[in-house]
Amino acid sequence: MKMPVVVDRCLQAMVKNALEPAWEARFEGTSYGFRPGRSCQDAIGKIYGLARPNKTKKWVLDADIRGAFDNISHEYLLKAIGPVPGKELIKQWLKAGYVDYGTFYTTEQGTPQGGVISPLLANIALHGMENAIGVKYSAGGYIRGTHAVVRYADDFVCFCESEQDAEAVQSILVEWLKERGLCLSEEKTRIVHLTKGFDFLGFHIRHYPAPKTSRTGWKLLIKPSKASVRAVQRKLKDIWMKGKGSNVQGVLARLNPIIRGWANYFRTVVASAIFHKLDSWMFYRADRYAKWQHPTKSKHWRHQKYWGRLNLDRSDRWVFGEKATGGYLLKFGWFPIERHVLVKGTASPDDPQLKDYWEQRQAAKAKDLTFSRQKIAKRQKGRCLECGESLFNDEELQVHHLLAKSFGGKDVYSNLALVHLLCHQQIHAYTQRAMHDCQQFNDQELAEESNEPERRK
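Residues numbered from 1 in each chain as written. Predicted model: local features only at pLDDT ≥ 70, side-chain atom pairs only at ≥ 80, totals over all residues. Heavy atoms only, no water.

- As annotated in an unreviewed UniProt entry, the chain carries the name Group II intron reverse transcriptase/maturase and is attributed to Dictyobacter formicarum.

Have a look at this one:
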């Protein structure tokens, strides 16, 4: 692991902020990884448009670059960057080497792992893939021709009209990557028809037979992949197992962020059935936890103690939680399926003409917050009360008590504000209040979303 020290991380952030706007204006619209305003959901949204059954590109080169960040050619990268301020610093970071257990290792290739500037450098090195495989666009910005590509960092998929065409594209990219010091992973690269399906960024994309409901006889479904489902089950099961003997509140505090994050990530695709299956599995895990906690009690007693209508916004009486505090376990099924709006073409957040467009996209991120934080954000009209900027600029958000709890402030909406982490630290610095006054509340996931007096009125 080549982790830059704090001073270098600060300098890298400065150079990145200087380089990024110019490169954002040049990057391809189908590159979505580690770029401001773009996400995995945008990449999947683009794939949805390319993979629909009425399209002609049904063969997919599902490719992965082997050790991309470790093997990028320094010579090619520095040549691609060109004569810009900070180039000599970039060269020094690339050539700095690293120390592992007291032994110094040189770095003749690759970018610094953990470096602030590394993702941007990787995108610069991989820029031009569309041009390499001959992707063409119409005057209106629509893809024309036999090829298309969607890339997220070093993972990418190419859509082609035939298997032979996909093989030709693979040969082109092998040579194109060689110039950059890179090669495709033989184990993870394959050519597949959409009727067989493929996994990308944790999603499974596939054509399914639909002879009675589709003109083409097929329908495109994008779902969470089986590997993604198994991975979240392993993570949740591990928390349940480690939670034996712990109080319910502590277990909920560890489970809920994982459920919320996973559901928000996959809520843009066909995931409703999988969400409900996971909820059934979680009921089984919760029941085992309760039985382990109270082995001599009856099943009826355990259900009376741990289950009830704890989420007052729903009529569901089978919600697991702690009735004394009102804390409860989230359900995957509570997160409604909402289609993601694909980012426009090559739109960049640095374009002043698109300011309103990006503010609207940032405000839409409110749905990823906890339910109670969504309410605070809406009351603040999506603005940080300290700096006045949009809450949704990818900075960490925290809840701040307007009146300190030590002076009688309560955990009620009228006394809470949502601010950026750095703004929160500044508030406490000039008011000489300890961060712990609010931090404990943030650590509890905003009163577990249920112990809220205003909801109980």
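Past the structure itself, the notes keep going.
**A closer look at the environment of Phe203**
Part 1 of the reasoning: Here Phe203 is to be found in strand β10 (residues 203-209).
Part 2 of the reasoning: Distance from Phe203 to Ser372, taken between C-alpha atoms, is 29 Å for residues 169 residues apart in sequence.
Part 3 of the reasoning: If we skip the residues at most four places from it in the chain, Phe203 touches Gln41, Ile44, Phe198, Ile222, Lys223, Ser225, Tyr265, Phe266 and Val269. (Helix = DSSP H or I, 4+ residues; strand = E, 2+ residues; numbered from the N terminus. Contact = heavy atoms within 4.5 Å.)

**Here we look at the pattern of salt bridges**
Part 1 of the reasoning: The tally for this structure, following the rule as stated, stands at 12 salt bridges.
Part 2 of the reasoning: Here Asp316 makes a salt bridge to Lys331, at a shortest N to O gap of 2.6 Å. With Asp316 in the loop between β12 (307-308) and β13 (319-322) and Lys331 in the loop between β14 (327-328) and α13 (355-363), this residue pair connects regions lying 15 residues apart in the sequence.
Part 3 of the reasoning: According to the relative accessible area criterion, Asp316 is partly exposed, its value standing at 22%. (Salt bridge = Lys/Arg side-chain N within 4 Å of Asp/Glu carboxyl O. Buried < 20%, exposed > 50% of the residue type's maximum accessible area, 1.4 Å probe, protein only.)

**A short note on the environment of Glu389**
Part 1 of the reasoning: Looking at the secondary structure, you find Glu389 in the loop between α14 (371-379) and β15 (397-401).
Part 2 of the reasoning: Distance from Glu389 to Asp350, taken between C-alpha atoms, is 15 Å for residues 39 residues apart in sequence.

**What to know about the nonpolar core**
Part 1 of the reasoning: If you look at the biggest cluster of nonpolar residues, it comprises 100 residues, and the most contacted ones within it are Ile47, Ile90, Phe159, Phe198, Phe200, Ile205 and Phe320.
Part 2 of the reasoning: Sequence-distant contacts of Phe159, that is, excluding residues within four places in its chain, are made with Ile47, Leu50, Ala51, Lys57, Trp59, Val60, Thr146, His147, Ala148, Leu194 and Phe198.
Part 3 of the reasoning: Grouped together as the second largest cluster of nonpolar side chains are 15 residues, Leu369, Phe392, Leu397 and Val419 included. (Core = buried A, V, L, I, M, F, W, Y, C linked by side-chain atoms within 4.5 Å.)

**Looking at the sheet that holds β14**
Part 1 of the reasoning: The strand order β12-β13-β14 describes an open sheet built from three strands, whose pairing is antiparallel. If you trace the sheet from one side to the other, it starts and ends with β12 and β14, each paired once.
Part 2 of the reasoning: Summarising the sheet, β13 and β14 pair through two bridges and their orientation is antiparallel. In the sheet register, Gly321 faces β14, and the bridge partner there is Tyr328.
Part 3 of the reasoning: In the packing of helix α10 (residues 248-266) onto the sheet, the strands contacted are β13 and β14, and the crossing angle to β13 comes to about 130°. (Pairing = 2+ DSSP bridges. Axes fitted to C-alpha atoms, helices over the stretch in contact; angles between N-to-C directions.)

**Quick notes on the side chain of Lys46**
Part 1 of the reasoning: Position of Lys46 among the secondary structure elements: in helix α2 (residues 40-51).
Part 2 of the reasoning: Here Lys46 is buried and forms no salt bridge, its nearest opposite-charge partner Glu130 lying at an N-O distance of 7.0 Å.
Part 3 of the reasoning: Beyond its immediate chain neighbours, meaning those up to four positions away, Lys46 contacts Thr30, Tyr32, Ile143, Val150 and Leu342. (Lys, Arg positive; Asp, Glu negative; His and termini not counted.)

**Quick notes on the layout of surface pockets**
Part 1 of the reasoning: Taken as a whole, the largest pocket spans an internal volume of roughly 1400 Å³.
Part 2 of the reasoning: Lining the largest pocket are 44 residues, and of these Gln362, Lys365, Asp368, Phe392 and Asp394 lie nearest its centre.
Part 3 of the reasoning: Elements with a minimum of two residues in the lining of the largest pocket: α2, α10 and α13.
Part 4 of the reasoning: Broken down by element, the residue count for the lining of the largest pocket peaks at six residues, all from α13.
Part 5 of the reasoning: Approximately 590 Å³ is the volume found for the second largest pocket.
Part 6 of the reasoning: Contributing elements (two or more residues each) for the lining of the second largest pocket: α2 and β5 (143-144).
Part 7 of the reasoning: Considering only residue class, the lining of the second largest pocket consists of seven nonpolar, nine polar and eight charged. (1 Å grid on protein atoms, 1.4 Å probe; cavity = no way out; pocket = protein on both sides within 12 Å on 5 of 7 lines; lining within 4 Å. Points joined across faces, edges and corners; volume = space filled by probe spheres on them. Nonpolar A, V, L, I, M, F, W, Y, C, P; charged D, E, K, R; others polar.)

**What to know about the sheet that holds strand β11 (residues 218-224)**
Consider a sheet: its strands pair through backbone hydrogen bonds, and that pairing is either parallel or antiparallel.
Part 1 of the reasoning: If you trace the three strands from one edge of the open sheet to the other, you get β9-β10-β11, paired in antiparallel fashion. Among the strands making up the open sheet, the edge pair consists of β9 (198-200) and β11. Each strand of the sheet is rotated relative to its neighbour by a mean of 30°, with strand direction disregarded.
Part 2 of the reasoning: Across seven bridges, the pairing between β10 and β11 is antiparallel. Within the sheet, the bridge partner assigned to Ile205 lies in β11 and is Ile222.

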